[in-house]
There are 2 protein chains.
Amino acid sequence: MTLDRRSGCPINLSLEVFGDRWSLIVLRDMIFGGRRHFRELLNNSMEGIASNILADRLKRLVELGMLTRADDPTHKQKAIYSLTEMSITLVPIMAQLGAWGRVWLPVTEDLSIRAKLLEEGGLSLWQDFMDELRFEHLGIGTPKPIDATVRARLRAAYQAVVDEQARKAS
Amino acid sequence: MTLDRRSGCPINLSLEVFGDRWSLIVLRDMIFGGRRHFRELLNNSMEGIASNILADRLKRLVELGMLTRADDPTHKQKAIYSLTEMSITLVPIMAQLGAWGRVWLPVTEDLSIRAKLLEEGGLSLWQDFMDELRFEHLGIGTPKPIDATVRARLRAAYQAVVDEQARKAS
DNA sequence: TCCAACTGATTGCGTTTTGCAAGTGGTTGA
DNA sequence: TCAACCACTTGCAAAACGCAATCAGTTGGA
């Protein structure tokens, strides 16, 4: 699980960074789920990541410059993980990955509504979202009204689908 | 190496299809390198894929609907692998992956010129390229003059960089 | 006709990575 | 005081990987 530099091809090097079954899942949960702590990532993980794998990936992503780790001032044992510019610019990749998966794989409606919005929003929405992440994680730029954020919109859309599914089921 | 359906999230499902260190490399060589045979993929692989891994990935990609396998009429033992619409539409993902890698990872100039062109060409170039692949692999659409193809342009640009590097080195 | 080179794989084997369950030492808040 | 929580580690079995050798055929040239 280290960089072996098999070749200088950009696709190959990208794969060496996050071409495994967990790294992008962790980053997805941080980017779209807003998770910042080990426990949040561990317990709320939809796919059920194991704690040793999570610890390993966090360590690795920090070493690679995709995340930073800082002590949480509110709790001596808590660590806070932040995205870096390197991982924030993964948003277009996530968007394309979601768009492709939505077409070709057996996605569930609730979990793919975000991918749909991201796809429809296009580059300008991605940029807005990346700006939000820069503010949240890097302290760069200015805050937005909390309900106008891309993340809030994505979350609201997700909730609407879940509610609708519950209504149908009842 | 099978689909375990950890969740219905499109990013997760995409990762379950090609979230490993070799599947996308094989597809990259088919898409950008025009390789169609086992030996071509094995011997010309920049990253040095092992024959058992290649055999396994080809089999898996066929099972997943990303490739099809057909007998080569010119040689009884040869098999021809073709991309499917499912794998052809990976082009935007490849382009984003290449663009990101070019910015953040230690890519070499010769191997990243293609990613640069693909990035600059944008969606319309990706579409042209996908149309070419559809013609080559699916027999859909009409052929283009051989030197006007996107692949020919990418290859020419690559060669120009390699030649320039050789000139500098001499 | 013979044979070396080539075809898409497979086999055996040692190493690495993964997944699971349990446990670590320390912190916090009631 | 003490249960709950904190990030993370450990032990171990199972799976995946990487390498080299090998396989049974096919082909083209001498």
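Going along each chain's sequence as written, the residues are numbered from 1 onward. In the order they appear in the text, chains get letters beginning with A and ligands get numbers beginning with 1. Only residues with pLDDT of at least 70 get local features here, since the model is predicted, and only at 80 or more are side-chain atom pairs given and counted; chain-wide, interface and lining totals rely on the full set of residues. To get the side-chain values, all heavy atoms of the structure are used, and hydrogens and water are removed first.

Chemist: I'd like to hear about the overall build of chain A, residue by residue, with values.
Modeler: Secondary structure counts use DSSP, requiring at least four H or I residues in a row for a helix and at least two E residues in a row for a strand, with both numbered from the N terminus. Counting secondary structure elements, chain A contains 8 helices and 2 strands. Each helix and strand of chain A, ordered N terminal to C terminal, gives the series α-α-α-α-β-β-α-α-α-α. Only C-alpha atoms enter the radius of gyration; for comparison, a globular chain is expected to reach 2.2 Å times N to the power 0.38, where N is the number of residues. Scaling as 2.2 N^0.38, a compact globule of 170 residues should have a C-alpha radius of gyration of about 15 Å, and chain A matches this with 17 Å. Split into buried and exposed, the 170 residues of chain A put 50% on the buried side. Note on contacts: a residue pair is in contact if any heavy atoms of the two residues lie within 4.5 Å. Sequence-distant contacts in chain A: of pairs separated by 6 or more residues, those separated by 24 or more amount to 54%. Areas reported as accessible are Shrake-Rupley estimates using a 1.4 Å probe. Residue values count occlusion only from the protein chains shown. Summing over all exposed atoms, chain A offers an accessible surface of approximately 8100 Å²; the carbon and sulfur share of this is 53%. Only protein chains enter the accessibility calculation, which uses a 1.4 Å probe; a residue is then buried when its area is under 20% of its type maximum, exposed when over 50%, and partly exposed in between.

Chemist: Account for the domain arrangement of chain A, naming residues and giving values.
Modeler: Residue and element names in this part refer to chain A. Bear in mind that the domain bounds are from an automatic or database domain assignment. Taken as a whole, chain A is organised into domain 1 (1–84) and domain 2 (89–170). Between domain 1 and domain 2, the C-alpha centre-to-centre distance is 20 Å. Here the quantity called buried area is the total loss of accessible area, with a 1.4 Å probe, experienced by two parts when brought into contact, counted for both. Summed over both sides, the interface between domain 1 and domain 2 buries roughly 1200 Å², with carbon and sulfur atoms accounting for 75% of that surface. Taken as a group, I31, F32 and L83 account for 48% of the area that domain 1 buries against domain 2, more than any other trio of residues on that side. What makes a salt bridge here is a side-chain nitrogen of Lys or Arg within 4 Å of a carboxyl oxygen of Asp or Glu, nothing more. The interface formed by domain 1 and domain 2 holds 0 salt bridges in total. Where the side of domain 1 that touches domain 2 is concerned, the elements lending two or more residues are α2 (23–31) and β2 (79–83). Broken down by element, the side of domain 1 that touches domain 2 gets its largest block of residues, 5 residues, from α2. When its residues are assigned to classes, the side of domain 1 that touches domain 2 shows 10 nonpolar, 4 polar and 2 charged. Residues are grouped as follows: Ala, Val, Leu, Ile, Met, Phe, Trp, Tyr, Cys and Pro are nonpolar; Asp, Glu, Lys and Arg are charged; every other residue, Gly included, is polar.

Chemist: Provide a residue-level description of the relation of the copies chain A and chain B, including the pertinent values.
Modeler: For the pair of chain copies, the relating operation is a rotation around an axis with a shift along it. Least-squares fitting of one copy onto the other uses the C-alpha atoms of those residues that reach a pLDDT of at least 70 in both copies. Mapping chain A onto chain B calls for a screw motion: a turn of 180° about the axis and a shift of 0.0 Å along it, with 0.0 Å RMSD after fitting. Taken together, these values place the two copies in the relation of a two-fold axis.

Chemist: So what's going on with the interface of chain A and chain B? Residues and values would help.
Modeler: Every contact between the two is made by 50 residues of chain A and, on the other side, 50 residues of chain B. Here chain A and chain B share an interface that buries about 4300 Å² over both sides, 71% of which is from carbon and sulfur atoms. On the surface where chain A and chain B come into contact, there are 0 salt bridges. Of all the secondary structure elements, the ones that give two or more residues to the side of chain A that touches chain B are α1 (10–18), α2, α5 (85–88), α6 (91–104) and α7 (109–138) of chain A. Sorting elements by how many residues they give to the side of chain A that touches chain B places α6(A) first, with 10 residues. For the side of chain A that touches chain B, a count of residues per class yields 28 nonpolar, 12 polar and 10 charged.

Chemist: Can you tell me about the packing of α6(A) against helix α6 (residues 91–104) of chain B, naming the residues and giving the values?
Modeler: Here an axis means a line fitted to C-alpha atoms, over the contact stretch when the element is a helix, while the angle between two N-to-C directions is reported on a 0 to 180 degree scale. One way to put it is that α6(A) packs onto α6(B) with a least axis distance of 9 Å and a crossing angle of 165°. Taken together, the axes of α6(A) and α6(B) lie roughly antiparallel to each other. Considering how the two elements wind past one another, α6(A) and α6(B) form a crossing that is left-handed. Contacts between α6(A) and α6(B) involve P92(A), I93(A), Q96(A), L97(A) and W100(A) on the former and, on the latter, P92(B), I93(B), Q96(B), L97(B) and W100(B). Here roughly perpendicular refers to angles of 65 to 115 degrees, roughly parallel to angles under 35, roughly antiparallel to angles over 145, and oblique to all remaining angles. Each helix crossing is assigned a hand: it is left-handed if the near helix lies turned anticlockwise from the far helix by less than a right angle, otherwise right-handed if that turn is clockwise.

Chemist: So what about the confidence of the model for chain A? Which residues, and what values?
Modeler: Per residue, pLDDT captures the predictor's confidence, and it can take any value from 0 to 100. Of the residues in chain A, 98% reach a pLDDT of 70 or more, and the chain-wide mean stands at 93. Summarising per-element confidence for chain A, the mean pLDDT is lowest in helix α8 (residues 150–169) of chain A (93) and highest in α5(A) (98).

Chemist: Describe in detail the side chain of T149(B), supporting the description with residues and values.
Modeler: Residue and element names in this part refer to chain B. For T149, the location among the structural elements is in the loop between α7 (109–138) and α8 (150–169). Using a relative accessible area of 14% as the deciding quantity, one classes T149 as buried. The term polar contact refers here to a pair of N or O atoms within 3.5 Å; inside protein, the definition further demands a hydrogen-donor-capable atom paired with an acceptor-capable atom, and it admits residues adjacent in sequence only when both atoms are side-chain atoms. A polar contact is formed between the side chain of T149 and the backbone oxygen of I146, at a distance of 3.2 Å. Not counting the four nearest positions on each side in its chain, T149 is found in contact with E132 and K144.

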